[in-house]
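So the chains spell out like this:
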Amino acid sequence: MGKSKTNKEIIIRTEGGSEIGMGHIMRSLPIAHVLRERGMSVSFILNNDSAAIDAVTSAGFPVNICSPEQPGGVPDIKSCSAVIFDTKRDVLEEVRYFNDKGLKTVLIDNLTPASELADIVIVPSLSGIRAKRIEKSTIRLIEGPEHFPLNPAFKEVRDSSEKNPGPKLRVLVTMGGADPNNLTQKVLNALEGMNGMKITVVIGPSMAGVSDLIESYEDVEFVMRPDVNKMALLMNESYIAITAFGITLFELAYMGAPSVVIANYREDKKDMDAIKKLGTGMPLGYHEDVTDADIRHAVGVLVKDSGMRESMSQNGKILIDGHGVERIADIIIKQIMIK
């Protein structure tokens, strides 16, 4: 690996949009804010997607668009010291490129072959050590839900008000920024006709077929593309959430909302098993294997059993303490930045 630098400029390499959702962007931004508060200059390298670009630029960070013809995606990295990658893709060649230029590299939630070259790998997982092949002494693996980068808005909202369901329990359906497998419609079909609930559905910024979805369910409240503060409020008001496995699950745990969880990908099985073991929600499995009856049963159990809801709520609040962003910033500044 290249020599370390002393500059206080950091690049965050991430991506988002209609195909992959906005999760990587949404958890990268709090890290960027904290690093900037601590004196770092932060810029982003993104894919060429308008939703991703708008989210980052509106937060006040400069953006470079990654070009296949230009390794690393930036014209000049002489003043930079470290690159943080938040993507599921194997970015082995990019990690190698930045290391060769003398930059330190950090991977977040990425255990592809790129992790074998990175300086630090941070995995905010639920299921324990998953990176058994990362055994080189030059690589530092840091894992656990305590490193989940929660947006500060959730901290501000969690204890601001008591839950007051009124005559019906509020059930929140939130399937991420893109919902690539149309799980929102699958869930609403399953819940149709169930009584005793007020259903609120979050429409992500990259979800397709929104107009048809809204027209199909008259008794459902739809919330369009909410900002972080609004999402925190919705979670705080909800007694049950139905979600896909992803960063929303960590946010719901922190807000104390028991979750019914459906996986978009089969490789999420270990984490789905961990949800059950940790007692923060009811994992139903891979979406193709989940039936309407499975969804109805899980929601019905939670609606009726207030003791189970309270237990899951407390377990979630214990699991996610809200200080993951600060921990990640500490790691980067103390372990990566050479003063």
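Use the structure listed above.
These notes cover the structure that comes with them. (Residues numbered from 1 in each chain as written. Predicted model: local features only at pLDDT ≥ 70, side-chain atom pairs only at ≥ 80, totals over all residues. Heavy atoms only, no water.)

**Looking at the overall build of the chain**
Here's step 1: Along the chain, the regular secondary structure elements total 12 helices and 13 strands.
Here's step 2: Considering the chain as a whole, with its 339 residues, one finds that 55% of them fall into the buried category.
Here's step 3: Split by element, the accessible area of the chain, about 15,200 Å² in all, is 48% carbon and sulfur. (Helix = DSSP H or I, 4+ residues; strand = E, 2+ residues; numbered from the N terminus. Buried < 20%, exposed > 50% of the residue type's maximum accessible area, 1.4 Å probe, protein only. Areas by Shrake-Rupley, 256 points an atom, 1.4 Å probe, with all protein chains shown as cover.)

**Some remarks on the pairing of strand β1 (residues 9-14)**
Here's step 1: Counting buried positions along β1 gives 5 out of 6 residues, so the element sits mostly inside the fold.
Here's step 2: Strand direction decides the pairing type here: β1 and strand β2 (residues 41-46), joined by 5 bridges, are parallel. Looking at the pairing, Ile-11 lines up with Ser-43 of β2.
Here's step 3: When β1 meets strand β4 (residues 82-86), the two strands line up parallel, connected through 5 bridges. Residue pairing in the sheet places Thr-14 in a bridge with Asp-86 of β4. (Pairing = 2+ DSSP bridges.)

**Concerning unusual backbone geometry**
Here's step 1: One non-glycine residue, Asn-182, lies in the positive phi region at around 55°.
Here's step 2: Here Asn-182 lies in the loop between β8 (169-174) and α5 (183-191).
Here's step 3: On the basis of relative accessible area, Asn-182 is assigned to the partly exposed category, the value being 46%.
Here's step 4: In the Ramachandran plot, Arg-225 falls in the positive-phi region, its phi being about 40° despite a non-glycine side chain.
Here's step 5: With respect to the secondary-structure elements, Arg-225 resides in the loop between β10 (221-224) and α7 (228-237).

**Structural notes on the packing of helix α10 (residues 292-304) against helix α11 (residues 306-319)**
Packed helices, taken two at a time, are described by the angle between their axes plus the distance between the axes.
Here's step 1: Orientation of α10 relative to α11, taken along the N-to-C sense of each, is 95°, at an axis distance of 5 Å. The angle between the axes of α10 and α11 places the two elements in the roughly perpendicular class. When α10 is examined against α11, the residues Val-301, Leu-302, Val-303 and Lys-304 are found in contact with a partner set consisting of Ser-306, Met-308, Arg-309 and Met-312.
Here's step 2: Classifying every residue of the contact of α10 with α11 by side-chain character gives 5 nonpolar, 1 polar and 2 charged. (Axes fitted to C-alpha atoms, helices over the stretch in contact; angles between N-to-C directions. Parallel < 35°, antiparallel > 145°, perpendicular 65-115°, else oblique. Contact = heavy atoms within 4.5 Å. Nonpolar A, V, L, I, M, F, W, Y, C, P; charged D, E, K, R; others polar.)

**With respect to the packing of aromatic side chains**
Here's step 1: Overall, the coordinates contain 4 aromatic pairs when judged by the stated rule.
Here's step 2: Plain terms: the ring middles of Tyr-97 and Phe-98 are 5.3 Å apart, the flat faces sit at 75° to each other, and that makes the pair edge-to-face.
Here's step 3: In textbook terms, an aromatic cluster arises when at least three aromatic residues are bridged by ring pairs, as seen for Phe-85, Tyr-97 and Phe-98.
Here's step 4: Lying over the aromatic face of Phe-61, Arg-36 brings its terminal NZ or CZ to 4.0 Å of the ring centre.
Here's step 5: Sitting over the face of the ring of Tyr-254, Arg-158 holds its NZ or CZ atom 4.1 Å from the ring centroid. (Phe/Tyr/Trp six-rings, centres within 6.5 Å; stacked < 30°, edge-to-face > 60°. Lys NZ or Arg CZ within 6 Å of the ring centre and 35° of its normal.)

**Here we look at the pattern of salt bridges**
Here's step 1: Across all of its chains, the model carries 16 salt bridges by this definition.
Here's step 2: Across the pair Lys-104 and Asp-119 runs a salt bridge whose closest N-O atoms are separated by 3.7 Å. A residue pair is termed long-range when its members are at least 10 positions apart, and Lys-104 in strand β5 (residues 104-108) and Asp-119 in the loop between β5 and β6 (120-123) qualify at 15 residues.
Here's step 3: Among the salt bridges present, the one from Glu-221 reaches Lys-198, with a minimum N-O distance of 3.9 Å. Of this pair, Glu-221 sits in strand β10 while Lys-198 sits in strand β9 (residues 197-203), placing them 23 residues apart in sequence.
Here's step 4: By relative accessible area, Glu-221 is classed as partly exposed at 31%. (Salt bridge = Lys/Arg side-chain N within 4 Å of Asp/Glu carboxyl O.)

**Quick notes on helix α9 (residues 269-278)**
Here's step 1: Buried residues of α9: Asp-271, Met-272, Ala-274 and Ile-275, and no others. Down the axis of α9, the buried set is contained in an arc of 155°. They therefore lie on one face. Structural note: α9 exposes Lys-269, Lys-270, Lys-276 and Lys-277 on the side pointing more than 90 degrees away from its buried face.
Here's step 2: On its buried face, α9 is in contact with α8 (247-255), β12 (259-263) and β13 (281-286).
Here's step 3: Two residues or fewer after α9 comes Gly-279, characterised by a positive phi angle close to 75°. (Arc of directions from axis to C-beta.)

**Here we look at the layout of surface pockets**
Here's step 1: Empty space within the second largest pocket amounts to approximately 360 Å³.
Here's step 2: Lining the second largest pocket are 16 residues; nearest its centre among them are Gly-193, Met-194, Ile-199, Asp-219 and Val-220.
Here's step 3: Those elements giving two or more residues to the lining of the second largest pocket turn out to be α5 and β9.
Here's step 4: The dominant element in the lining of the second largest pocket, judged by the number of residues it contributes, is β9, at 3 residues. (1 Å grid on protein atoms, 1.4 Å probe; cavity = no way out; pocket = protein on both sides within 12 Å on 5 of 7 lines; lining within 4 Å. Points joined across faces, edges and corners; volume = space filled by probe spheres on them.)

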